[in-house]
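Remarks on the overall topology
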Number of protein chains: 4
Amino acid sequence: MRERLTEIIDKCRPLYTQGKVARYIPDLAKADPKILGASVSNLEGDIFSAGDRDFRFSMQSVSKLLSLALALELLGEETVFSHVGMNPIADSFNSIVRLEIDYPHIPHNPLINAGAIVIVSILPYESAKECFEAILNLSREMTGNYNLKINEKTFLSEKATGDRNRSLAFFMKSVGTLKGNIEDILDVYFRECSIEATTEDLAIMGATIASGGINPKTKKHVLSDKTCKILRSLMATCGMYNASGEFAVRVGVPAKSGVSGVILATVPHRGGIAVVGPPLDSKGNSVTGIRVLEDIVNEFNLRIL
Amino acid sequence: MRERLTEIIDKCRPLYTQGKVARYIPDLAKADPKILGASVSNLEGDIFSAGDRDFRFSMQSVSKLLSLALALELLGEETVFSHVGMNPIADSFNSIVRLEIDYPHIPHNPLINAGAIVIVSILPYESAKECFEAILNLSREMTGNYNLKINEKTFLSEKATGDRNRSLAFFMKSVGTLKGNIEDILDVYFRECSIEATTEDLAIMGATIASGGINPKTKKHVLSDKTCKILRSLMATCGMYNASGEFAVRVGVPAKSGVSGVILATVPHRGGIAVVGPPLDSKGNSVTGIRVLEDIVNEFNLRIL
Amino acid sequence: MRERLTEIIDKCRPLYTQGKVARYIPDLAKADPKILGASVSNLEGDIFSAGDRDFRFSMQSVSKLLSLALALELLGEETVFSHVGMNPIADSFNSIVRLEIDYPHIPHNPLINAGAIVIVSILPYESAKECFEAILNLSREMTGNYNLKINEKTFLSEKATGDRNRSLAFFMKSVGTLKGNIEDILDVYFRECSIEATTEDLAIMGATIASGGINPKTKKHVLSDKTCKILRSLMATCGMYNASGEFAVRVGVPAKSGVSGVILATVPHRGGIAVVGPPLDSKGNSVTGIRVLEDIVNEFNLRIL
Amino acid sequence: MRERLTEIIDKCRPLYTQGKVARYIPDLAKADPKILGASVSNLEGDIFSAGDRDFRFSMQSVSKLLSLALALELLGEETVFSHVGMNPIADSFNSIVRLEIDYPHIPHNPLINAGAIVIVSILPYESAKECFEAILNLSREMTGNYNLKINEKTFLSEKATGDRNRSLAFFMKSVGTLKGNIEDILDVYFRECSIEATTEDLAIMGATIASGGINPKTKKHVLSDKTCKILRSLMATCGMYNASGEFAVRVGVPAKSGVSGVILATVPHRGGIAVVGPPLDSKGNSVTGIRVLEDIVNEFNLRIL
């Protein structure tokens, strides 16, 4: 299996020229566009990796799954979805248009920026510090890597340039969708985006979601089956921003991407896959990553759609 | 199995008061809101039905799968998706806003009205008559029911009140997205919407899509595996209009709904399910139908997400 | 005065390269871009012209003033403005977005396409023929030129390519904003757009609006003072499409433009000005026309804002 | 004249029930809805007042004229209109939709919130303090009242609840439209909104704009003629938010309203009028104020459109 993965990586690496490394967060802009790595984990905890397996990247939007999972576990489905919707949109991940046009003025789903910010805001913690620690802890439980931590430089870079997220947050505050201290909420949001991981870490996280909440490495039951179903369903319909339909056609498994070039995919009852390749297409998804995923899914017959 | 289906139908039927029968097509408005029926077909051709199994309803938007399948078979994926997108939108199925705002001015996916109209327009036939006959023929091959035909009254009713669809078509013509004679194109579109079927017919159609194109009743190979993958992927992300994410969370299988109250679901490599219950929720999906599907999927462990 | 007008025309004519002749109606596309003419009429009926004073052009959107004036005279302000709004929009003259987004779904003002189509639809005539004759008659009364008639070729060209207007009309029919036979309504709309005139004709029309309804050439009282106030107010705020604010800053008099390159301006209690120059800017207004108007208004101290 | 004004005030005061006092700024919500006052100033400095002539209200959006005038005087028309547009929009004064949809992402005009915030941001001062002092100074020069100052409670109230304005500002910062420190810019913006005045003060300000920049009370030349032309033109087309067309039809003079219930009108080369009546209509304009203005304009024959 490792050999086939390596062949796929080698075949797809030259495609990096078709995308552009994210530039809006200065710290991400420095990434080497040729980086490409992939890991696959089954539910027994076997992991296969190829390419830049040691490359550490920030989770970015993949971390939206962490805060959503935590909110679902702590508050329940009904409460969570009274604050955000569950449906995909055609707008980009940081768009504000529909928040203003549609009534009620709540984000359409928890996997776009506005939605993830709301999710962070409803987590029942006393302080931003406590809140982030709970998220970080969940990231460790889901990956089985108890050394995960944020990249401080990335965090500061996000914080310094997060004006669009501030705009979204203040808009939602002005219409009553968001309560609390904006900078505290965004602090947690930027921190979760800055948690660093490798593809091996995220393949295990994907397998944990695939299995109904049991981490294949630690064997611990870290999420309920119901929460995992919701995560998988929203990844399938909203996980790849406004390219979720196209990704379903091409690859056909639930996935969530991040602007660091990561894509975490989950194959229900089978396992998890994580890829990283910094150059992005126009919708913010890794061009080499999608291609690698497509090949892995086809090679190992993992497509569910 | 039939008994469990019957229990589900009996349990869900009283929920009909939570929706409203579609009124914008006069012919649909007459439907009895208490109607509720469901059929399940496996890949071996076994069919189980309960409730109003003999109720004949028009396929409405479920027929969008027919013209899309035909276009994919005849023209190929690349050509088809140069004319329409593949991604879900948050707007209602007959919205024109994003067609005007976004560039290029092509429909976001083939399962909303604008997209289905474009698909009909690119089908390579000499006349509207020939074109519709090919669609009707495919509906017969996919259901294994060679008696399928349109309900003339429904067709005339759609034609008489289809002004929103005319608006969409003329808009697309004005921006070059659509070519050809509008009334001819809409004639085919309204006709496919008016094809009448029962839940048994559509359960077989769903199983055909699930199996990779082999009709379980006739054993004929009527669609390519690739076309079926595309249908399933677009059903999963765009099939329930702007409630596709919510449906994925609740039910977790690819499906396509129609305003006659029908929902056709497909369980990859397992089978097809069709339900009909005329009262609709605010997004145009059958309220009793969704509930029945949820129960069937849970009861028989068919969820894929 | 004629000399100063001629100097202005000569000075502005070379600017024709900054715009583009309208291409979406084939018949307009043939216009010589160097054409430039202007006429000024005071309330005593003195007319001064320069440049291409004999050039006959179709009135296009300037004719929206005719149907609006007729509707106001026949139905009264209250009825008219229950069918259309009175406010400017930032969208282009043929946009459909706000018709769908805003509630009620009525056009924002009678000087954009959707609004003018609604105005034509509410005129209280038995037939399209009668309706258009009333509009044509009013055009003759307002210009004092009883030979005005439509250019048949332009009319047929508009009719053949008017798909965007059909889209607007069918949309409005689908939401109940517009009643009646769409092709009949559009027939009248396309005909009024095709009425041919010279700048002299329209300078008198402008003076008629300026005077409170008395045609300075025929001395006939052809419109009420109240109707003229409404026309002037809507011209000032909505007359130059989505460049109405910019035009107010630059020129400072109420005006209405048409895609044939015409601009009709009215100086309350002073007189009328008409210019024609086919090349248009990106918002559909004559580039040379605006410049000539600016110079005339400054030269003769006609600015009201 | 004073008698006629008093009659008009008495006649219109009972209409206060048709509107609602602004609630989104807590400090404004306390205003007595029955308050109604009006002042008229000619170019010779004669002032006539009636009703609540001593009522002091915050200028709110009327202050947008101050920062715009200052920017035009200091930076010139060309620079100012490279940062904001000049055209009316159909959206509400605090909408963000078009800022995101349209390219370039600049506010459509300087009299909506986003536009006024940009104008404040480009004023060439070293500090927020200096910047506001220049604006306050201009307010004193334009009203001839050297005691004008802000209401601190209103300012703090605006600052505490100005989240929508923060959202607009951060959005514009994220797309490069706005530069500088957001809280500093908004501090100046909220301060100018909080400058308190009476209708007499603002009638003189209106007369100053009407005269081409000469304050009729102090005889000082405080603005250029060109700046006054621009102010009058933008007031005529954009001054009453998205009801500017309707106001032009009903009243027919350039005006600017504020959510404290104030309307400042200017009659070119004739004089200024200011009215205040706290209850607002759905678009944010004073219901009693519009009615009083309409009566004053008709009574004294001041309409220009």
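Residues numbered from 1 in each chain as written. Chains lettered and ligands numbered in written order. Predicted model: local features only at pLDDT ≥ 70, side-chain atom pairs only at ≥ 80, totals over all residues. Heavy atoms only, no water.

**Considering the packing of aromatic side chains**
Under the counting rule described, the total for this entry stands at 14 aromatic pairs over all chains. Centroid distance Phe55 of chain D to Phe57 of chain D: 6.2 Å. Interplanar angle 35°. Geometry classified as tilted. With relative accessibility at 3%, the residue Phe57 of chain D sits in the buried group. Lying over the aromatic face of Phe155 of chain A, Arg191 of chain A brings its terminal NZ or CZ to 4.2 Å of the ring centre. When the ring centre of Tyr241 of chain B is taken as origin, the NZ or CZ atom of Lys256 of chain B, which lies over that ring, is 4.2 Å away. (Phe/Tyr/Trp six-rings, centres within 6.5 Å; stacked < 30°, edge-to-face > 60°. Buried < 20%, exposed > 50% of the residue type's maximum accessible area, 1.4 Å probe, protein only. Lys NZ or Arg CZ within 6 Å of the ring centre and 35° of its normal.)

**Brief notes about the domain arrangement of chain A**
All names here are of chain A. By domain assignment, chain A separates into domain 1 (2-60 + 197-299) and domain 2 (63-193). Between domain 1 and domain 2, the C-alpha centre-to-centre distance is 20 Å. Taken together, the contact between domain 1 and domain 2 spans 36 residues of the former and 36 residues of the latter. Together, Gln60, Met205 and Leu234 form the three largest contributors to the area buried by domain 1 at its contact with domain 2, with a combined 17%. At the boundary of domain 1 with domain 2, the tally comes to two salt bridges. Glu77 is the partner of Lys226 in a salt bridge, and the nearest nitrogen-oxygen pair spans 3.1 Å. (Domains from an automatic or database assignment. Contact = heavy atoms within 4.5 Å. Buried area = accessible area lost by both parts, 1.4 Å probe. Salt bridge = Lys/Arg side-chain N within 4 Å of Asp/Glu carboxyl O.)

**Section: the interface of chain B and chain A**
Each partner contributes residues to the interface: chain B has 29 residues there, and chain A has 29 residues. Of the roughly 2300 Å² buried where chain B meets chain A, counting both sides, 64% is carbon and sulfur surface. For the chain B face of the interface with chain A, the top three residues by lost area are Asn87, Val249 and Leu305 of chain B, together amounting to 25%. Where chain B touches chain A, the interface holds two salt bridges. Residue Arg98 of chain A pairs with Asp91 of chain B through a salt bridge whose shortest N-O separation is 2.9 Å. At the junction of chain B and chain A, the tally comes to 18 residue pairs in polar contact (both at pLDDT 80 or more). For the side of chain B that touches chain A, the elements supplying multiple residues, two or more each, are α12 (225-238) and α13 (244-250) of chain B. (Polar contact = N/O pair within 3.5 Å; in protein donor to acceptor, adjacent residues only side chain to side chain. Helix = DSSP H or I, 4+ residues; strand = E, 2+ residues; numbered from the N terminus.)

**A short note on the pattern of salt bridges**
When the charged atoms of two side chains lie near each other, side chains of opposite charge can form a pair. One pass over the full model with this rule turns up 79 salt bridges over all chains. We note a salt bridge from Arg53 of chain D to Glu200 of chain D, for which the minimum N-O separation is 2.6 Å. Taken together, the positions of Arg53 of chain D in the loop between β3 (47-51) and β4 (57-58) and Glu200 of chain D in helix α10 (residues 199-211) put the pair 147 residues apart, joining distant regions of the chain. With relative accessibility at 22%, the residue Glu200 of chain D sits in the partly exposed group. Within this structure, Glu152, Lys159, Asp163, Arg166, Glu183, Asp187 and Arg191 of chain A form a network of salt bridges that share partners.

**A word on the nonpolar core**
If you look at the biggest cluster of nonpolar residues, it comprises 137 residues, and the most contacted ones within it are Leu202 of chain B together with Leu202 of chain C. With sequence-adjacent residues up to four places away left out, Leu202 of chain B is seen in contact with Phe57, Met59, Val62, Thr143, Ala197, Val262, Leu264 and Ala274 of chain B. In this structure, Ile35, Phe170, Ala197 and Cys228 of chain A belong to the second largest nonpolar core, which totals 136 residues. (Core = buried A, V, L, I, M, F, W, Y, C linked by side-chain atoms within 4.5 Å.)

**Description of the relation of the copies chain B and chain A**
Superposing chain B onto chain A takes a rotation of 180° combined with a translation of 0.0 Å along the rotation axis, leaving an RMSD of 0.0 Å. Here the copies are linked by what is in effect a two-fold axis. Most of the interface of chain B is mirrored in chain A, where 100% of its interface residues are also at the interface. (Least-squares fit on C-alpha atoms with pLDDT ≥ 70 in both.)

**Let's talk about the environment of Lys219 of chain B**
Residues and elements named next belong to chain B. Its place among the elements puts Lys219 in the loop between α11 (199-211) and α12. Counting along the chain gives 176 residues from Lys219 to Leu43, while the straight-line C-alpha distance between them is 9.5 Å. Sequence-distant contacts of Lys219, defined by excluding residues within four places in its chain, comprise Glu44 and Ile214. A distance of 3.2 Å separates the side chain of Lys219 from the backbone oxygen of Glu44, its partner in a polar contact. Of note is the side chain of Lys219, whose polar atom sits 2.7 Å from the backbone oxygen of Pro216.

**Some points on the packing of helix α5 (residues 113-122) of chain A against helix α8 (residues 163-174) of chain A**
All names here are of chain A. Running from N to C, α5 and α8 cross one another at 60°; their axes reach a closest spacing of 10 Å. Viewed along their axes, α5 and α8 form a crossing whose handedness is right-handed. Seen from α5, the contacting residues are Asn113, Ala114, Ile117 and Val118; seen from α8, they are Asn165, Leu168, Ala169 and Met172. Looking at the contact of α5 with α8 residue by residue, the classes come out as six nonpolar, two polar and no charged. (Axes fitted to C-alpha atoms, helices over the stretch in contact; angles between N-to-C directions. Left-handed = near helix turned anticlockwise from the far one by under 90°. Nonpolar A, V, L, I, M, F, W, Y, C, P; charged D, E, K, R; others polar.)

**Let's talk about the side chain of Glu294 of chain D**
Structurally, Glu294 of chain D is set in helix α13 (residues 287-299). Once you skip the residues sitting within four places of it in the chain, Glu294 of chain D turns out to touch Arg250 and Val251 of chain D.

**Observations concerning the environment of Ile119 of chain D**
Residues and elements named next belong to chain D. Within the secondary structure layout, Ile119 lies in helix α5 (residues 113-122). By relative accessible area, which is 0% here, Ile119 ends up buried. Spatially, the C-alpha atom of Ile119 lies 8.7 Å from that of Lys64, the residues being 55 residues apart in sequence.

**A few points about the confidence of the model for chain A**
Low pLDDT means the predicted atomic positions in that stretch should not be read closely. In this model, chain A carries an average pLDDT of 96, and 100% of its residues clear a pLDDT of 70 or more. Two summary scores accompany this predicted model of the complex, namely pTM at 0.95 and ipTM at 0.96. (pLDDT = per-residue confidence, 0-100.)

**Considering the side chain of Asn285 of chain C**
Residues and elements named next belong to chain C. Structurally, Asn285 can be placed in the loop between β9 (279-280) and α14 (287-299). Side-chain polar atoms of Asn285 contact the backbone oxygen of Met240, separated by 3.2 Å. Within the structure, the side chain of Asn285 is placed 2.5 Å from the side chain of Ser257, a separation counted as a polar contact. Among residues more than four places away in sequence, those in contact with Asn285 are Met240, Tyr241, Ala243, Ser257, Pro279, Leu280 and Ile290.

**A short note on the packing of helix α9 (residues 163-174) of chain B against helix α9 (residues 163-174) of chain C**
Contact geometry for α9 of chain B and α9 of chain C: axes closest at 7 Å, N-to-C directions at 160°. Considering their axes alone, α9 of chain B and α9 of chain C lie roughly antiparallel with respect to each other. Note on packing geometry: the crossing formed by α9 of chain B with α9 of chain C is left-handed. Together, Asp163, Arg164, Arg166, Ser167, Phe170, Phe171, Lys173 and Ser174 of chain B of α9 of chain B and Asp163, Arg164, Arg166, Ser167, Phe170, Phe171, Lys173 and Ser174 of chain C of α9 of chain C make up the contact between the two elements. In terms of residue class, the contact of α9 of chain B with α9 of chain C is built from four nonpolar, four polar and eight charged. (Parallel < 35°, antiparallel > 145°, perpendicular 65-115°, else oblique.)

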